[in-house]
Amino acid sequence: MTVSILWGWLIPVLLVAIAAGAWWWWRRTAARTSADAVRVAHSERLTSLPRYRALAARRRQLLTAMTVAVAGLAVAGTVLLARPIGASATEPELHTRDIMLCLDVSGSMDSFNEELLATFAELVPQFEGERIGMTIWDSSAVTVFPLTTDYAYVTEQLTMLSQGFAENDYGQLQGTYYGEGGSSLIGDGLVSCALRFDAVDTDRSRSIIMATDNYVSGNPLVTLPEAARLVADRDIRLYALNVTSWGESDESVELAEAAELTGGASYLIEEPEEIAALVDTIADSEAAAFTGAPQVLEYAAPGVFLALGGAGLVALMGLAWKAGL
């Protein structure tokens, strides 16, 4: 933290004004001493007394202390009027983020989707300003809920769907089997998720967290590379959770390349228990990617000078009382 003076030019102006006032008062006092003095005969007998000398010395000490207090009060008041300000640099984490959960709901994904939704249900209450939405897809895509900051509603929906996957409740997947394209149409599903982002003219970061078994069965309208280019063109990052038992297959490589094209990443998952740690990894990556540019924050910093002025005022009042003024 550094402290500077906002109106530095005001300090010499005020100090000159204070000095001029003090000079005028001194000249007025000096001019008055000879003309208005009351002459007393044989005053040296009084001034030579030890008691008189002690009282005079005490008086001079009080006046000196009062002068110091007034000077401290004047300096503190001058600096405070000139507005001391502190400054510190910070890199704010942006909370203007849109996150779309994009879930492949084909049969092999039940346990993975259950874990992913349960993990996000625990994360959502920690959000501050982020919008979150969810789209599920297989042969066709369905919006479960649009981008929203209603975290209570989102948590309720995530918990309900997680329990539904745990209980093999496929009624919640109505609308994802329409069409004759096939199953796990990843290109179509990814495009559907990308098109769910609204307010495209606002300055927000956008990301898709997609979980899929990456096993296309049928004829999608859009291939994965085509979908990835659309996502990249819309400045959306793709984080793909690749649920696979085949490791680094051609499909896995293609999915990784698609995610990297958007500035995101792809993660291989073999067991549902791995999802929680990967979600934390994605959250950390997002936070690092969307940390705001360094900003200098300025704020009033009267601390030391306010304390000095207060101490000078209290001391002046005490000394004046003791001097009988």
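Provided above is the structure to which this section pertains.
What counts as what
- Residues numbered from 1 in each chain as written.
- Predicted model: local features only at pLDDT ≥ 70, side-chain atom pairs only at ≥ 80, totals over all residues.
- Heavy atoms only, no water.
- Helix = DSSP H or I, 4+ residues; strand = E, 2+ residues; numbered from the N terminus.
- Areas by Shrake-Rupley, 256 points an atom, 1.4 Å probe, with all protein chains shown as cover.
- Patch = residues over 30% accessible without salt bridge, like charges linked within 9 Å, V, L, I, M, F, W, Y side chains within 5 Å.
- Salt bridge = Lys/Arg side-chain N within 4 Å of Asp/Glu carboxyl O.
- Lys, Arg positive; Asp, Glu negative; His and termini not counted.
- Charge placed at Lys NZ, Arg CZ, Asp CG, Glu CD.
- Buried < 20%, exposed > 50% of the residue type's maximum accessible area, 1.4 Å probe, protein only.
- Axes fitted to C-alpha atoms, helices over the stretch in contact; angles between N-to-C directions.
- Parallel < 35°, antiparallel > 145°, perpendicular 65-115°, else oblique.
- Left-handed = near helix turned anticlockwise from the far one by under 90°.
- Contact = heavy atoms within 4.5 Å.
- Nonpolar A, V, L, I, M, F, W, Y, C, P; charged D, E, K, R; others polar.

**Q** Requested: an account of the overall build of the chain, with residues and values cited.
**A** Looking only at helices and strands, the chain has 10 helices and 11 strands in total. Here the chain has roughly 18300 Å² of accessible surface; of this, 59% comes from carbon and sulfur atoms.

**Q** For a negative patch on the surface, give the residues involved together with the corresponding values.
**A** Negative charge collects at one region of the surface, where Asp250, Glu251, Glu254, Glu257 and Glu260 lie side by side. A residue is classified by how much of its surface remains accessible, and Glu251, at 41% relative accessible area, is partly exposed.

**Q** Describe the packing of helix α6 (residues 186-194) against helix α7 (residues 224-233), listing the residues and the values that go with them.
**A** At their nearest, the axes of α6 and α7 sit 8 Å apart, and the two run at 15° to each other. Taken together, α6 and α7 sit at an angle that is classed as roughly parallel. Seen from above, α6 lies across α7 with left-handed handedness. Note on element contacts: α7 touches α6 through Leu224, Ala227, Ala228, Leu230 and Val231, opposite Ile186, Gly187, Leu190, Val191 and Ala194. A class-by-class count of the residues in the contact of α6 with α7 yields nine nonpolar, one polar and no charged.

**Q** Provide a residue-level description of the pattern of salt bridges, including the pertinent values.
**A** Inspection of the entire model under this criterion finds three salt bridges. A salt bridge links Arg97 to Glu130, with the nearest nitrogen and oxygen atoms 3.0 Å apart. Taken together, the residues span a long stretch of sequence, with Arg97 in strand β3 (residues 97-104) and Glu130 in the loop between α4 (110-123) and β4 (131-137) at a distance of 33 residues. On the basis of relative accessibility, which here comes to 2%, the residue Glu130 falls in the buried class. Salt bridges here are not isolated pairs; linked through shared partners, they connect Asp98, Arg131 and Asp198.

**Q** How would you sum up unusual backbone geometry? Please name residues and give values.
**A** Its identity is not glycine, yet Asn168 carries a phi of approximately 55°, on the positive side. Along the chain, the position of Asn168 falls in the loop between α5 (151-166) and β6 (182-183). Residue class for Asn168 comes out partly exposed when judged on its relative accessible area of 47%. For Asp235, which is not glycine, the phi dihedral falls at a positive 60°. Locating Asp235 in the fold gives a position in the loop between α7 and β9 (236-243).

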